[in-house]
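# Residue-level structure breakdown
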Amino acid sequence: MSDFHDAAKGGLSAGQLEAVLRQVGAERYHNRHPYHHKMISGALSKAELQAWALNRYCYQAVIPRKDATILARAEDPAFRAAWRKRIEDHDGDDGWSGGIARWLHLATSLGLDAEAVKSERLALPATRFAVEAYVSFCADRTLFEAVASSLTEMFSPVIIGERVPAMLAKYDYVTEDTLAYFTRRPEQAARDADFALAYVLKGADTPERQQQAIDALAFKCDILWAMLDALQHAYGEGGNIPPGAFRPETAK
């Protein structure tokens with residue numbers, strides 16, 4: 001994989017910056033991870049799929065907190081009006097009818113207990129650390145960098161397009177209802193990515209800010225990659241499940 005540390009040295013045009021950002025995703029997005037490849041090949045056990053769904057719930061659940069952190073830092077009302085749609089997508093109009101609820105449905109459809117999933121107590125320590133690192137990044141770095149880190153959504157339709165048909169074809173206990181979360185996500189992700197990309201390209205008016213955008217996207221890719229690394233280490237061949245984490249025989 002490429003080293004993007006000095007990619008903006010000397011300055012880039014908007015088109016060149018977008019090309020570099022897309023290259024970051026092409027090389028570092030987690031659809032390249034072996035755990036994902038094992039998933040779409042039909043080689044994951046049900047326990048491994050359960051572990052993925054349970055741990056990914058931590059990420060889904062933290063997204064509105066991350067986006068609220070970004071909202072709180074934004075002074076532009078038009079920006080806030082656009083960005084708050086992300087919170088509505090995940091929380092729903094009533095606080096519990098959006099994407100988080102649909103992800104919980106995915107997890108329970110795989111046989112997990114809803115309260116155990118929601119408590120996050122069985123998640124891997126590395127998962128919890130990764131998602132909190134993402135929230136901290138969006139709170140501690142500039143608003144510009146926080147927005148740039150969300151550009152992984154440019155690549156979300158790609159991984160969904162690989163994951164959904166493969167899971168339906170390879171796992172007879174997975175149905176379209178199980179994967180209802182993904183029905184709306186490509187459209188939502190495309191909308192959000194278009195807004196964030198336009199914001200980043202407009203704001204990346206110096207080589208330093210261009211590099212910040214590239215580094216922020218690479219960081220977010222690292223977060224998603226690290227989560228799958230943890231799953232592979234814990235539940236793959238010769239798995240090393242840490243104390244207190246999900247074990248199929250004690251999941252409920």
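These numbers were taken from a predicted model, which means no experiment stands behind them.

### Looking at helix α4 (residues 77-91)
The end-to-end C-alpha separation of α4 is 21 Å, in line with the 21 Å expected for 15 residues at 1.5 Å each. Inspection of α4 places F79, W83, R86, I87, D89 and H90 among the buried residues, and these make up the whole buried set. Against α3 (46-73), α5 (99-109), α8 (143-149) and α10 (181-203) lie the buried residues of α4. Of the residues flanking the start of α4, the one acting as N-cap is D76, its side-chain oxygen 3.1 Å from the backbone nitrogen of A78. Backbone geometry just after α4 places G92 at a positive phi near 80°.

### Examining the nonpolar core
In terms of nonpolar packing, the biggest core is built from 83 residues, with L21, W52, F182 and I214 touching the most fellow members. With 14 residues, helix α11 (residues 207-235) is the single largest residue contributor to this core. Those residues in contact with W52, other than ones at most four positions away along the chain, are Y35, M39, W103, L106, R163, M167, F182, L228 and L231.

### Some thoughts on unusual backbone geometry
One non-glycine residue with positive phi stands out, namely E120, at about 65°. With respect to the element layout, E120 can be found in the loop between α6 (114-119) and α7 (125-140). Of the residues examined, E120 reaches a relative accessible area of 23% and is grouped as partly exposed.

### Here's the deal with α5
Among the eleven residues in α5, eight count as buried, and that is most of the element. Those residues of α5 that sit buried are G99, I100, A101, R102, W103, L104, L106 and A107. Summarising the contacts, the buried residues of α5 are in contact with α3, α4, α6 and α10. Once α5 finishes, G111 follows within two positions and takes phi at roughly 100°, a positive value.

### Quick look at the packing of aromatic side chains
As enumerated under the stated definition, the model contains 13 aromatic pairs in all. Judged by centre distance (6.4 Å) and plane angle (15°), the rings of Y59 and Y134 are stacked. Here Y59 is found in helix α3, whereas its partner Y134 is found in helix α7, with 75 residues between them in sequence. Residue Y59 shares its accessibility class with Y134, and that shared class is buried. Summarising the aromatic geometry, the rings of W103 and Y181 are spaced 5.1 Å apart at their centres and angled 85° between planes, so their arrangement reads as edge-to-face.

Rules and cut-offs
Residues numbered from 1 in each chain as written. Predicted model: local features only at pLDDT ≥ 70, side-chain atom pairs only at ≥ 80, totals over all residues. Heavy atoms only, no water. Helix = DSSP H or I, 4+ residues; strand = E, 2+ residues; numbered from the N terminus. Expected span 1.5 Å × (residues − 1). Buried < 20%, exposed > 50% of the residue type's maximum accessible area, 1.4 Å probe, protein only. Contact = heavy atoms within 4.5 Å. Polar contact = N/O pair within 3.5 Å; in protein donor to acceptor, adjacent residues only side chain to side chain. Core = buried A, V, L, I, M, F, W, Y, C linked by side-chain atoms within 4.5 Å. Phe/Tyr/Trp six-rings, centres within 6.5 Å; stacked < 30°, edge-to-face > 60°.

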